[in-house]
Amino acid sequence: MSDKIPEGNRSARERLAQQREREKGREKRRRTLIVASAVVGVLALAAVVGLIAANAGKDDGGDTASGPAVAPSGAIGEDALTLPVGAADAPSTLTIWEDFRCPVCAQFETAFKDTITELADDGQVKVEYHLATIIDGNLGGTGSLRAANAAACAQDAGKFAAYHDVLFANQPPEPDDAYGKNSRLIELAGEVEGLDTPGFRSCVEDGEHDSWVKKSDTAFREGGFQGTPTVLLNGESVFPSKGDEQISPENLKKWVAAANKGKKPGTATPSAPADGSSAPADGSSAPADPSSAPAS
């Protein structure tokens, strides 16, 4: 018998083999496309989830907070969103918007705390603090909110200035949400004499001023400010510069002196209510720790 395969049969087999290879190739491409589509879908979902998480804090205003906005004792101004430090009748006002997770805010504190303390002690300025939570919105977490609530609880006890300084002195790295833990905020209260009390702990753990903080953050965003810290002297921005002059301790003193020319320094230093009860929120008085210098 001959081993030769007829030419016609060989061609048919070769065509069949080629067709099978083409079919295998198409099937492989189809599976690859299915897997690739699935991966793209997962990445897209992750991106959406990440975007939602990153922006979660951006829309958290007073309207979305649970319960009424409970202002801390002595808060003043519109909607009682201002925490005042220093003489209420000082001739100039230094307005500061801050976020306790904001690293630039901590840098500002380090550079200007002593200067602002001196100006406030001398009755040259009253300092009005406003709290924001933009880092929570940008990076996720709750440290900005939790720290701001704790600071408001310290305001109830007349210890805002001192606790404010402690929070910035111990600020964790920006991505670290250490201030999201109430236990850490209570631990730091131990560095302020007389602050770590059952009342303070309860205020922190219950989030007593959470809605107020969220309302303050909404006011910050609606105010058109560019970021934290925002620093205004009598309503004019002075950070990072005023006109063509960069801010510095010397320039800040010069600007305040020019604004106060011919005016008497303030003397009406407020005092904290002994029982921590709420004080009028109309600007007539505000609790402050008489032994602590104004923080910045």
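Everything below is about the structure shown above.
Here is what the cut-offs are and how they apply
- Residues numbered from 1 in each chain as written.
- Predicted model: local features only at pLDDT ≥ 70, side-chain atom pairs only at ≥ 80, totals over all residues.
- Heavy atoms only, no water.
- Helix = DSSP H or I, 4+ residues; strand = E, 2+ residues; numbered from the N terminus.
- Buried < 20%, exposed > 50% of the residue type's maximum accessible area, 1.4 Å probe, protein only.
- Contact = heavy atoms within 4.5 Å.
- Areas by Shrake-Rupley, 256 points an atom, 1.4 Å probe, with all protein chains shown as cover.
- Disulfide = S-S within 2.5 Å.
- Core = buried A, V, L, I, M, F, W, Y, C linked by side-chain atoms within 4.5 Å.
- Salt bridge = Lys/Arg side-chain N within 4 Å of Asp/Glu carboxyl O.
- Axes fitted to C-alpha atoms, helices over the stretch in contact; angles between N-to-C directions.
- Parallel < 35°, antiparallel > 145°, perpendicular 65-115°, else oblique.
- Left-handed = near helix turned anticlockwise from the far one by under 90°.
- Nonpolar A, V, L, I, M, F, W, Y, C, P; charged D, E, K, R; others polar.
- Phe/Tyr/Trp six-rings, centres within 6.5 Å; stacked < 30°, edge-to-face > 60°.
- Pairing = 2+ DSSP bridges.
- Right-handed = clockwise from strand over helix to strand, strands pointing away.

Once that is clear, we can look at the overall build of the protein chain. A tally of regular secondary structure across the protein chain gives 9 helices and 7 strands. Within the protein chain, the fraction of its 296 residues that count as buried is 42%. Pairs at least 24 apart in sequence give 77% of the contacts found in the protein chain among residues at least 6 apart. For the protein chain, the exposed surface amounts to about 15,500 Å²; the carbon and sulfur share of it is 53%.

Attention now goes to the state of the cysteines. What the rule picks out here adds up to 1 disulfide. Disulfide pairing places C153 opposite C203 at an S-S distance of 2.0 Å. Between C153 and C203, the S-S torsion sits near -80°, and that sign places the bridge as left-handed. Of this pair, C153 sits in helix 4 (residues 143-156) while C203 is found in helix 7 (residues 198-206), placing the two residues 50 residues apart along the sequence.

Before going further, it helps to spend a moment on the nonpolar core. Among the nonpolar cores identified, the biggest contains 58 residues, and Y163, L167 and F200 are the most heavily contacted of them. If you tally residues by element for this core, the top one is helix 4, at 8 residues. Dropping the residues within four chain positions of it, F200 is found in contact with A150, C153, A154, Y163, L185, I186, A189 and L195.

Moving on: the pattern of salt bridges. Within the structure shown, the criterion is met by 9 salt bridges. Taking the shortest distance from any N to any O, the salt bridge between R184 and E187 comes out at 3.1 Å. A residue pair is termed a helical-turn pair when its members lie 3 or 4 positions apart in one helix, as R184 and E187 do in helix 6 (residues 182-189) at 3 residues. Residue class for R184 comes out partly exposed when judged on its relative accessible area of 25%.

A few words now on the packing of helix 6 against helix 7. In the contact formed by helix 6 and helix 7, the axes pass within 10 Å of each other and the chain directions differ by 155°. Considering the angle they form, helix 6 stands roughly antiparallel to helix 7. As helix 6 runs across helix 7, the sense of the crossing is right-handed. Within the contact between the two elements, helix 6 uses N182, L185, I186 and A189 and helix 7 uses F200, R201, V204 and E205. Class assignment for the residues of the contact of helix 6 with helix 7 results in 5 nonpolar, 1 polar and 2 charged.

With that out of the way, let us pick up the packing of aromatic side chains. Taken as a whole, this structure holds 8 aromatic pairs when the rule is applied. An angle of 40° between the planes, with centres 5.3 Å apart, marks the rings of W97 and F225 as tilted. With W97 in strand 2 (residues 92-98) and F225 in the loop between helix 8 (210-222) and strand 4 (230-233), the pair connects residues that are 128 residues apart, well separated along the chain. By relative accessible area, W97 is classed as buried at 6%.

Mapping P103 onto the fold places it in helix 2 (residues 103-121). We classify P103 as partly exposed; its relative accessible area is 26%. Residues P103 and Q171, spaced 68 residues apart in sequence, show a C-alpha to C-alpha distance of 7.9 Å. If sequence neighbours within four positions are ignored, P103 has contacts with Q171 and E174.

Once that is clear, we can look at the pairing of strand 2. In terms of burial, strand 2 is a largely internal element, 7 of the 7 residues being buried. Both faces of strand 2 are covered, namely the face carrying S92, L94, I96 and E98 and the face carrying T93, T95 and W97. Where strand 2 lies against strand 3 (residues 125-131), 7 bridges are found, and the strand directions are parallel. Bridge assignment links W97 to a residue of strand 3, and that residue is H130. Taken together, strand 2, helix 2 and strand 3 constitute a β-α-β crossover, and its handedness is right-handed. One ladder, built from 4 bridges, connects strand 2 with strand 4; its direction is antiparallel. Opposite W97, over in strand 4, you have T230 as the bridge partner.

These figures capture arrangement, not role.
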